[in-house]
Amino acid sequence: MPLTPEQREEFLAGTRPACLAVDAREGRGPLNVPIWYAYRPGGGPFTFVTGSDSRKARLLAAAGRATLLVQRVEPTFRYVSAEGPVRLRTATAEDIAAIVGRYLAPDVVATYTDNALRGFGPEGVALVELLPEHWLSADIGASRTHPPA
């Protein structure tokens, strides 16, 4: 059963990791990797960070588009997939903290952010924005015995 826009927004507000898929070119299948993301309700964008020189960043820049998939398996199998254009720019400490702060305890966010900036250098972390143009979603197995989550 497809999710309503309201159910989709509520689901994306959770802290599940997403899987990012991007065309890998050169006769290979798509690159498909887990990421932490932030999402602005009402249509996006999704944001995530990666090393500016990473294969992921290079493929995203070349393809100009990507797909994110967020899913859970209990109490029912539910997913939201969003596909659209991507834009990359240099991430700030605030960008990194806003994303990792969804997944890490508050007392380690600053340390994680500092380590990322120190490890990759001031221009070495890319903020990727994905603006959703196409959505797929479903709750497979939803029944009266499982309230929406």
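Data block above holds the structure.
Keep in mind it's a predicted model, so treat the numbers as computed, not measured.

**Student:** I keep staring at the overall build of the protein and nothing clicks. Help me out?
**Tutor:** Counting its secondary structure elements, the protein contains four helices and eight strands. Relative to a compact globule of 149 residues, whose C-alpha radius of gyration would be 15 Å, the protein shows 16 Å and is just as compact. Along the first, second and third principal axes, the C-alpha atoms of the protein reach 50 × 45 × 25 Å. Taken over 149 residues, the protein has a buried fraction of 40%. Restricting the contact set of the protein to residue pairs at least 6 apart, pairs at least 24 apart contribute 70%. When the accessible surface of the protein is summed, it comes to about 8300 Å², and 57% of that surface belongs to carbon and sulfur atoms. Side chains of the protein give 16 positive and 16 negative charges; the mean places of these two sets differ by 4 Å.

**Student:** Any chance you could explain the nonpolar core here in plain terms?
**Tutor:** Most often, soluble globular proteins keep nonpolar side chains buried together rather than apart. Among the nonpolar cores identified, the biggest contains 25 residues, and Leu12, Leu20, Tyr37, Phe46 and Leu60 are the most heavily contacted of them. The contacts of phenylalanine 46, once residues within four sequence positions are left out, are Leu12, Tyr37, Ala38, Tyr39, Leu68, Ala82, Val128, Glu129, Leu130, Pro132 and Trp135. Within the second largest apolar cluster, nine residues are counted, among which are Ile96, Val109, Ala116 and Leu127.

**Student:** Would you mind showing me how to read the packing of aromatic side chains here?
**Tutor:** What characterises a pair of aromatic rings is the spacing of the ring centres plus the angle enclosed by the ring planes. In total, this model carries eight aromatic pairs according to the counting rule given. For the pair tryptophan 36 and tyrosine 103, a centre-to-centre distance of 5.1 Å together with 5° between the ring planes defines the contact as stacked. Taken together, the positions of tryptophan 36 in the loop between β2 (31–35) and β3 (38–39) and tyrosine 103 in the loop between α3 (93–100) and α4 (106–120) put the pair 67 residues apart, joining distant regions of the chain. According to the relative accessible area criterion, tryptophan 36 is partly exposed, its value standing at 30%. Residue class for tyrosine 103 comes out buried when judged on its relative accessible area of 18%. Following the ring pairs from residue to residue traces out a cluster consisting of Trp36, Tyr37, Tyr39, Phe46, Tyr103, Tyr112 and Trp135. Above the plane of the ring of tyrosine 37 lies arginine 102, whose end atom (NZ or CZ) is 4.8 Å from the centre.

**Student:** Please clarify how the layout of surface pockets should be interpreted in this entry.
**Tutor:** By rolling a water-sized probe across the atoms, one finds the places where empty space is left. Taken as a whole, the largest pocket holds about 240 Å³ of empty space. Elements with a minimum of two residues in the lining of the largest pocket: β2, β4 (46–51), α3 and α4.

**Student:** Looking at this structure, how should I read helix α2 (residues 55–63)?
**Tutor:** One turn of the α-helix equals 3.6 residues, which is why residues spaced by three or four share an orientation. Within α2, burial applies to Lys56, Ala57, Leu59 and Leu60. Projected onto a plane normal to the axis of α2, the buried residues spread over an arc of 165° and lie on a single side. For α2, the secondary structure elements touched by its buried residues are β1 (18–22), β2, β4, β5 (65–72), β6 (77–90) and β7 (125–130). A positive phi of about 75° marks glycine 64, the residue just after α2.

**Student:** Looking at this model, I keep getting lost on the packing of α3 against α4. Mind explaining?
**Tutor:** The description of two helices packed together rests on the angle between their axes and the distance between the axes. Taken N-terminus to C-terminus, the directions of α3 and α4 make an angle of 130°; their axes are 9 Å apart at the nearest point. By the criterion of interaxial angle, the relationship of α3 to α4 is oblique. Between α3 and α4 lies a crossing whose hand is right-handed. Counting all contacts with α3, which are made through Ala93, Ile96, Ala97 and Val100, the residues of α4 involved are Val109, Tyr112, Thr113, Ala116 and Leu117. Along the lines of polarity and charge, the residues of the contact of α3 with α4 split into eight nonpolar, one polar and no charged.

Each value, and the rule that gives it
- Residues numbered from 1 in each chain as written.
- Predicted model: local features only at pLDDT ≥ 70, side-chain atom pairs only at ≥ 80, totals over all residues.
- Heavy atoms only, no water.
- Helix = DSSP H or I, 4+ residues; strand = E, 2+ residues; numbered from the N terminus.
- Rg over C-alpha atoms; globule rule 2.2 N^0.38 Å.
- Buried < 20%, exposed > 50% of the residue type's maximum accessible area, 1.4 Å probe, protein only.
- Contact = heavy atoms within 4.5 Å.
- Areas by Shrake-Rupley, 256 points an atom, 1.4 Å probe, with all protein chains shown as cover.
- Lys, Arg positive; Asp, Glu negative; His and termini not counted.
- Charge placed at Lys NZ, Arg CZ, Asp CG, Glu CD.
- Core = buried A, V, L, I, M, F, W, Y, C linked by side-chain atoms within 4.5 Å.
- Phe/Tyr/Trp six-rings, centres within 6.5 Å; stacked < 30°, edge-to-face > 60°.
- Lys NZ or Arg CZ within 6 Å of the ring centre and 35° of its normal.
- 1 Å grid on protein atoms, 1.4 Å probe; cavity = no way out; pocket = protein on both sides within 12 Å on 5 of 7 lines; lining within 4 Å.
- Points joined across faces, edges and corners; volume = space filled by probe spheres on them.
- Arc of directions from axis to C-beta.
- Axes fitted to C-alpha atoms, helices over the stretch in contact; angles between N-to-C directions.
- Parallel < 35°, antiparallel > 145°, perpendicular 65-115°, else oblique.
- Left-handed = near helix turned anticlockwise from the far one by under 90°.
- Nonpolar A, V, L, I, M, F, W, Y, C, P; charged D, E, K, R; others polar.

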